[in-house]
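So you can see what is in the structure, the chains are spelled out below.
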Amino acid sequence: MIAANVKAILGELPPGVELVAAAKTRTSSEILEALEAGVRIIGENYVQEAADVFPAIGRRARWHFIGHLQTNKVKKAVEIFDLVETVDSLELGREIDKRATAAGKTMEVLVEVNSGREPQKAGVSPEEAEPLVRALAGFPNIRVLGLMTMGPFEGDPEDSRPYFKETRRIWDALKALALPGVEMRHLSMGMTNSWRVAVEEGATMVRIGTALFGPRT
Ligand SMILES: *Cc1c(COP(=O)(O)O)cnc(C)c1O
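Since the structure is predicted, the reported quantities are computational estimates derived from the model, not experimental observations. (Residues numbered from 1 in each chain as written. Predicted model: local features only at pLDDT ≥ 70, side-chain atom pairs only at ≥ 80, totals over all residues. Heavy atoms only, no water.)

Participant: I'd love a proper account of the site of the ligand, names of residues and values included.
Facilitator: With respect to spatial proximity, the complete set of residues near the ligand consists of A22, K24, N45, I66, M150, M191, T192, R207, I208, G209, T210 and R216. Measuring from an oxygen atom of the ligand, one finds a backbone N or O atom of G209 at 2.8 Å. Split by residue class, the shell around the ligand holds five nonpolar, four polar and three charged. (Near = heavy atom within 4 Å. Polar contact = N/O pair within 3.5 Å; in protein donor to acceptor, adjacent residues only side chain to side chain. Nonpolar A, V, L, I, M, F, W, Y, C, P; charged D, E, K, R; others polar.)

Now the structure itself:
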């Protein structure tokens, strides 16, 4: 079932759009099944959950952190993850740089944009994206590689379209600035219900859980 789901979605994604398998709550055997079917990137929301499944999987996949990263979890996150998709403050960036430097590693990051401007949600407001990207670019052991957004809606995927459009506009503008130390390579947006709309709006990376693994129980 997982293998068939992975293959169907990989077959539908246009060239250049990468699939992140959003693996929260999934077991290592479920994740391995997805890898065998062609998944190359695992997304995890919790450092501890990633640490639990990591030994069975290791570097056969790339690891993206897609949850809210607390500063006291950064040290462990830097050990496991290749890329943090959800950087939304200078303070978090500073801690990632510090821990990455100590680990002799350069950490890839995306800036999370709160495209729906929802007060309770993570991410920087659209106006704050450029200043944060500029500031993060100053850290020696961080590479800024793009933007990520959730968008506010869980219902009709069409309702997400304006937020994906807005995030794409910011991404394009940052790309045009060609800031030193910044590469707008990834635009991560779209989940099970909204990934087709996200791809139409220029996502280069979609994060899909339910449509690969089935409903979370
Ligand atoms: C869970 C999750 C997803 C995937 O959600 P589905 O609706 O199961 O596809 C994508 N992005 C983030 C940040 C998530 O937490």
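What follows picks up the thread again.
Participant: How would you summarise the environment of L83 if you had to cite specific residues and measurements?
Facilitator: Relative to the assigned elements, L83 resides in strand β4 (residues 83-87). A sequence separation of 19 residues divides L83 from H64, and the C-alpha atoms of the two residues are 4.9 Å apart. Dropping the residues within four chain positions of it, L83 is found in contact with R62, W63, H64, F65, M107, E108, V109, L110, L145 and H186. (Helix = DSSP H or I, 4+ residues; strand = E, 2+ residues; numbered from the N terminus. Contact = heavy atoms within 4.5 Å.)

Participant: Provide a residue-level description of the packing of aromatic side chains, including the pertinent values.
Facilitator: Overall, the coordinates contain two aromatic pairs when judged by the stated rule. Both rings, one in F65 and one in F81, keep their centres 5.2 Å apart while their planes meet at 85 degrees; by these two values the pair is edge-to-face. Of this pair, F65 sits in strand β3 (residues 62-65) while F81 is found in the loop between α4 (74-80) and β4, placing the two residues 16 residues apart along the sequence. Neither residue differs from the other here; F65 and F81 are each classed as buried. (Phe/Tyr/Trp six-rings, centres within 6.5 Å; stacked < 30°, edge-to-face > 60°. Buried < 20%, exposed > 50% of the residue type's maximum accessible area, 1.4 Å probe, protein only.)

Participant: Before we move on, could you go through the pairing of strand β5 (residues 107-113) and cite the residues and values that matter?
Facilitator: The two faces of the sheet receive side chains in turn, since in a regular strand these alternate between them. β5 sits mainly inside the fold: seven of its seven residues count as buried. Both faces of β5 are covered, namely the face carrying M107, V109, V111 and V113 and the face carrying E108, L110 and E112. Two strands pair when backbone bridges link them, and β4 and β5 are joined in this way by three bridges, in the parallel orientation. The residue bridging V87 from the neighbouring strand is V111, located in β5. Note that β5 and strand β6 (residues 142-149) share six bridges and pair parallel. When the sheet's bridge partners are listed, V113 is paired in β6 with T149. With respect to chirality, the unit in which β5 leads through helix α6 (residues 126-137) into the neighbouring parallel β6 is right-handed. (Pairing = 2+ DSSP bridges. Right-handed = clockwise from strand over helix to strand, strands pointing away.)

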